[in-house]
Amino acid sequence: MLTGLLLAAAVASVATVAPPTATVLANRTAFNQPCVWFTSTAPDRLAAAASAALERLGWTVASSVGPRFTQEIALRGIAPAGALYVHSHGDHYYDAAAKRRSSGFRVDAGRCENAPTVIAPQITQARSGVAPLTLAFISTCYNGERISKLPAALGIAMKKSGPGAAGPRSFYVGYSGVAWVRAIVRFETAFWRAMRRGATSGAAFDAALLSGYSAADLLPEWWGSYNLRPTPPASQPGVSRSV
Amino acid sequence: MSSSPCIRRTTALLPLLIAAACAAPSSALAPERTYVVPARDAAANLPPITGVAAALLEPLSTVGLRAEPGELIALESGEERIEQRLVDVNGLALLTLQSTPGGELRFLARADVAYGGAALSGAALRSRALLHLVALRLALPRGTPIISSVAERRMVQWERSVNGIPVPGDGTRVIMSASGALVGIAIEESALAPASGKLRSAAEAKAAALTLLPTGTVLTGVPRLGWVHLGALAGDEELRDAPRRLAWRIRGALADGRPLEVHLDAAQLALLGWDWAR
């Protein structure tokens, strides 16, 4: 209880003083030896691709990949963030406080199994009074489903404002059902590449649909505004020409 | 049966070379790429992007748009392409094309295609996808496509197969709105490595997988043959600049229920890579 209060206080403190940043979190431990019998370079590659694109968009990126990605670090980073990327296990986990399921993801914390989770109510509490995220990319299983509570916790309504329509200054990407990692890498590589090339969020999503992943292995979804260039609030939309 | 794509554009660079390439057997293992001009010079010889914009079934008005000079880019696979873009006054690309230096269109993406409209049936989507390909004078893939819905878009995909064995992710993919408006086209054809020996049976592959996987792993379903990318360190990182290998693809679940797929060389049964779910 005391830990929770201290954490909430620390989060609130960060939220009131820090400028909007982009937070990048990736679970490496659970996807690698000795936890499993193989080596996965995907978490580092995915985090690096997200970080590079977010920096290109003008964000100051704070990245925690591997055991440094703990529950405390995650909530501290998510609280003030204007953009967020997470790669980990995701699901609709049991929320003991509310006695029902909520949505979220597991942290790394150097744990092979049963690592702590970050779930929607914790994020809602941490982000109290903070503007909705500009860009949220939740690279996990299940958090692109309509029943996911993560978009709301990040301040993003589950609606699509298509091309030409006025909408929120937000864009959320997630995957429905089980997401296979080779498909994830293809989709996200194409998404971030299009973003670096100056595409709007919706156009980058459309381009990523063309990326040659197996449709049976990945079901991406988005909500927010198609036309959004997810730059930090104070910056001007820029058009990068570098790849 | 093969749905190997080969793109014909009558106005493309070096029509004789392209026609020769299109006439090559669709089961060719490593497509030859013969360039008679340096790649950097090829952009100047591609058809103007404004012509492609006008040829679309839903033509893109070029009023107020600017065609950027073609640019040589390298994909993750190492493949070089010429990218052309039609941008608005804010610099946002409304039409992006990628062609091989030989003039074959491989990728087309439109931005700002509206959602909604009357949803087409699967059969109508297939017909519409073919019409989009015809409008761009692209080769028509054969066979029955896989049609799926993703984020309120529609995906019509003709997966490439060689001698009846699928090449996952390769082939012709057409993305449309629910009402059939074109969002994009991608055509992929990876190089394939020669077979490395006599094909082993599915039962042998399954037995080999069980010896490799940790105790408690359960294999599900029937092993399937497929052309896969090697994994770096026999892991999950696709080495897309290397030819694909013929492999047994075997799905299962780890002891804790997490799904996984291993790829074993179809002849040697050596581990080539794996894939798994998050």
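Below is a short write-up of the structure. (Residues numbered from 1 in each chain as written. Chains lettered and ligands numbered in written order. Predicted model: local features only at pLDDT ≥ 70, side-chain atom pairs only at ≥ 80, totals over all residues. Heavy atoms only, no water.)

1. Some thoughts on the overall build of chain A
Counting secondary structure elements, chain A contains seven helices and 10 strands. Counting contacts in chain A only where the partners sit at least 6 residues apart, residues at least 24 apart contribute 74% of the total. Surface accessibility of chain A: about 8,900 Å² in total, with carbon and sulfur atoms responsible for 58%. (Helix = DSSP H or I, 4+ residues; strand = E, 2+ residues; numbered from the N terminus. Contact = heavy atoms within 4.5 Å. Areas by Shrake-Rupley, 256 points an atom, 1.4 Å probe, with all protein chains shown as cover.)

2. Notes on the interface of chain A and chain B
On the side of chain B, 64 residues touch chain A, which itself brings 53 residues to the contact. Here chain A and chain B share an interface that buries about 4,700 Å² over both sides, 56% of which is from carbon and sulfur atoms. A per-residue breakdown of the area chain A buries against chain B is headed by Trp37, Arg182 and Leu210 of chain A, which together make up 20% of the total. If you look at where chain A meets chain B, you find 24 residue pairs in polar contact (both at pLDDT 80 or more). Class assignment for the residues of the side of chain A that touches chain B results in 27 nonpolar, 14 polar and 12 charged. (Buried area = accessible area lost by both parts, 1.4 Å probe. Polar contact = N/O pair within 3.5 Å; in protein donor to acceptor, adjacent residues only side chain to side chain. Nonpolar A, V, L, I, M, F, W, Y, C, P; charged D, E, K, R; others polar.)

3. As for unusual backbone geometry
Between glutamine 33 of chain A and proline 34 of chain A the backbone carries a cis peptide bond, its omega angle lying at 5 degrees. On the secondary structure map, proline 34 of chain A appears in the loop between strand S1 (22-26) and helix H2 (42-56). Of note in the backbone geometry, arginine 137 of chain B takes a positive phi value of approximately 60 degrees without being a glycine. Note on placement: arginine 137 of chain B falls in the loop between helix H4 (122-135) and strand S6 (146-150). Residues other than glycine seldom take positive phi values, yet asparagine 163 of chain B does so here, at roughly 55 degrees. With respect to the helices, strands and loops of the structure, asparagine 163 of chain B is situated in the loop between strand S7 (153-162) and strand S8 (165-177).

4. Focus: the pairing of strand S12 (residues 259-265) of chain B
All names here are of chain B. Most of S12 sits inside the fold, with six of its seven residues counted as buried. In the sheet, strand S11 (residues 245-253) pairs with S12 via seven bridges, with the strands oriented antiparallel. Paired with isoleucine 250 across the strands is valine 262, a residue of S12. Hairpin connection, S11 to S12: the antiparallel pair is bridged by five residues, and glycine 257 has positive phi, about 95 degrees. In terms of strand pairing, S12 meets strand S13 (residues 271-276) through five bridges, oriented antiparallel. Across the sheet, residue leucine 264 finds its bridge partner in S13, namely leucine 271. In this structure, the hairpin formed by S12 and S13 is closed by a connection of five residues, where leucine 269 is found at a positive phi of approximately 65 degrees. (Buried < 20%, exposed > 50% of the residue type's maximum accessible area, 1.4 Å probe, protein only. Pairing = 2+ DSSP bridges.)

5. Here's the deal with the environment of leucine 94 of chain B
Residues and elements named next belong to chain B. Topologically, leucine 94 is positioned in strand S4 (residues 93-99). Taking the relative accessible area as the measure of exposure, leucine 94 reaches 13% and is therefore buried. Sequence separation between leucine 94 and leucine 60 is 34 residues, and the spatial gap between their C-alpha atoms is 8.5 Å. In contact with leucine 94, not counting residues within four places along its chain, are Leu60, Leu65, Leu86, Val87, Asp88, Ala109, Arg110, Ala111 and Asp112.

6. Topic: the sheet that holds strand S5 (residues 100-106) of chain A
Residue and element names in this part refer to chain A. Reading across the sheet, the three strands line up as S4-S5-S6 and stay open at both edges, with antiparallel pairing between neighbours. The open sheet is flanked by strand S4 (90-95) and strand S6 (117-119), the only strands paired with a single partner. The mean inter-strand angle of the sheet, taken between neighbouring strand axes irrespective of direction, is 50 degrees. (Axes fitted to C-alpha atoms, helices over the stretch in contact; angles between N-to-C directions.)

7. What about empty space enclosed by the protein?
A probe matching the size of a water molecule, rolled over the atoms, marks out where space remains unfilled. For the coordinates displayed, the defined rule picks out two cavities of 30 Å³ or more. Of the pockets and cavities examined, the largest cavity occupies roughly 200 Å³. Contributing to the lining of the largest cavity are 17 residues, with Arg182 and Ser214 of chain A together with Pro168, Glu238 and Arg249 of chain B lying nearest its centre. Among the elements of the structure, helix H6 (181-196) of chain A together with strand S10 (218-228) and S12 of chain B are those that each provide at least two residues to the lining of the largest cavity. Considering each element in turn, the lining of the largest cavity owes the most residues, three residues, to H6 of chain A. Here the lining of the largest cavity is built from residues that sort into five nonpolar, four polar and eight charged. Estimated volume of the second largest cavity: approximately 40 Å³. Taken together, Leu210 and Gly212 of chain A together with Gln157, Gly169, Asp170, Gly171, Thr172, Arg173, Ala186 and Glu188 of chain B form the lining of the second largest cavity. (1 Å grid on protein atoms, 1.4 Å probe; cavity = no way out; pocket = protein on both sides within 12 Å on 5 of 7 lines; lining within 4 Å. Points joined across faces, edges and corners; volume = space filled by probe spheres on them.)

8. Brief notes about the pattern of salt bridges
Side chains that carry opposite charge are capable of pairing whenever their charged atoms lie near each other. In total, this model carries 27 salt bridges over all chains according to the counting rule given. Put simply, arginine 76 of chain A and glutamate 72 of chain A hold a salt bridge, and the shortest N to O gap is 2.4 Å. Of this pair, arginine 76 of chain A and glutamate 72 of chain A both sit in helix H3 (residues 71-78), four residues apart, which is roughly one turn of the helix. The partly exposed category is assigned to arginine 76 of chain A, whose relative accessible area is 31%. Between glutamate 189 of chain B and arginine 160 of chain B there is a salt bridge whose closest N-O contact spans 3.8 Å. One end of the pair, glutamate 189 of chain B, is in the loop between strand S9 (182-188) and helix H5 (202-212); the other, arginine 160 of chain B, is in strand S7, with 29 residues separating them in the sequence. Note on accessibility: glutamate 189 of chain B and arginine 160 of chain B belong to one class, buried. Several salt bridges share partner residues, and in doing so they unite Asp217 of chain A together with Arg224, Arg249, Arg251 and Glu261 of chain B into one network. (Salt bridge = Lys/Arg side-chain N within 4 Å of Asp/Glu carboxyl O.)

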